[in-house]
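Geometric and topological summary
Now for the letters of each chain:
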Amino acid sequence: MSYENFQEALDILDISSRVSHAELKKRYQKLSKESHPDMPNGDEQRFREINEAYKIVETYMKNFRFKLDEEEFYEQNPFSRKSKDWFYNF
């Protein structure tokens, strides 16, 4: 897989920023349902493109390696940081 293929897959799925696996799957299901050949406005070629794009992005997400340190944790979960600041007590 090249970066160009990956970027094309993101464009096909209309993903422009961070996305969770659940959000990716939901987006894929919506697009594939709209383009399914059995649907009134279905397009078999578009359906295949969506399936291929989903496979590329899903493979990337499954093989992505995370740093399992405190900095990465707080970057992924910014509101879980406990502080003595009164604002975080709400």
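Structure: see above.
Report on the accompanying structure. Remember, it's a predicted structure, so these values are computed and weren't measured experimentally.

**Section: the side chain of Ser-32**
Looking at the element boundaries, Ser-32 is found in helix 2 (residues 21–35). On the basis of relative accessibility, which here comes to 11%, the residue Ser-32 falls in the buried class. Here Gln-29 takes part through its backbone oxygen, which lies 3.2 Å from a polar atom of the side chain of Ser-32.

**What about the pattern of salt bridges?**
All chains considered together, the criterion is met by six salt bridges. Taking the shortest distance from any N to any O, the salt bridge between Glu-34 and Lys-30 comes out at 3.7 Å. With Glu-34 and Lys-30 both in helix 2, this residue pair falls four residues apart, about one helical turn. A relative accessible area of 42% means that Glu-34 is categorised as partly exposed.

**Points about the packing of helix 1 (residues 3–12) against helix 3 (residues 44–63)**
Their axes nearest at 8 Å, the elements helix 1 and helix 3 cross at an angle of 120 degrees. When the axes of helix 1 and helix 3 are compared, the pair comes out oblique. Note on packing geometry: the crossing formed by helix 1 with helix 3 is left-handed. Facing helix 1, whose interface residues are Asn-5, Phe-6, Ala-9, Leu-10 and Ile-12, helix 3 presents Arg-46, Glu-49, Ile-50, Ala-53, Ile-56, Val-57 and Tyr-60. Per-class residue counts for the contact of helix 1 with helix 3 are nine nonpolar, one polar and two charged.

**Notes on the packing of aromatic side chains**
Overall, the coordinates contain five aromatic pairs when judged by the stated rule. Seen in terms of ring centroids, Tyr-3 and Phe-6 are 6.3 Å apart; in terms of plane orientation they differ by 45 degrees. Their pairing is tilted. Note that Tyr-3 and Phe-6 are positioned in helix 1 at a spacing of three residues, about one turn of the helix. Judged by relative accessible area, which is 56%, Tyr-3 ranks as exposed. Ring centres 5.3 Å apart and planes at 75 degrees place the aromatic pair Phe-73 and Tyr-74 in the edge-to-face group. Site record: aromatic cluster; members linked through ring pairs are Tyr-3, Phe-6, Tyr-60 and Phe-64.

Rules and cut-offs
- Residues numbered from 1 in each chain as written.
- Predicted model: local features only at pLDDT ≥ 70, side-chain atom pairs only at ≥ 80, totals over all residues.
- Heavy atoms only, no water.
- Helix = DSSP H or I, 4+ residues; strand = E, 2+ residues; numbered from the N terminus.
- Buried < 20%, exposed > 50% of the residue type's maximum accessible area, 1.4 Å probe, protein only.
- Polar contact = N/O pair within 3.5 Å; in protein donor to acceptor, adjacent residues only side chain to side chain.
- Salt bridge = Lys/Arg side-chain N within 4 Å of Asp/Glu carboxyl O.
- Axes fitted to C-alpha atoms, helices over the stretch in contact; angles between N-to-C directions.
- Parallel < 35°, antiparallel > 145°, perpendicular 65-115°, else oblique.
- Left-handed = near helix turned anticlockwise from the far one by under 90°.
- Contact = heavy atoms within 4.5 Å.
- Nonpolar A, V, L, I, M, F, W, Y, C, P; charged D, E, K, R; others polar.
- Phe/Tyr/Trp six-rings, centres within 6.5 Å; stacked < 30°, edge-to-face > 60°.

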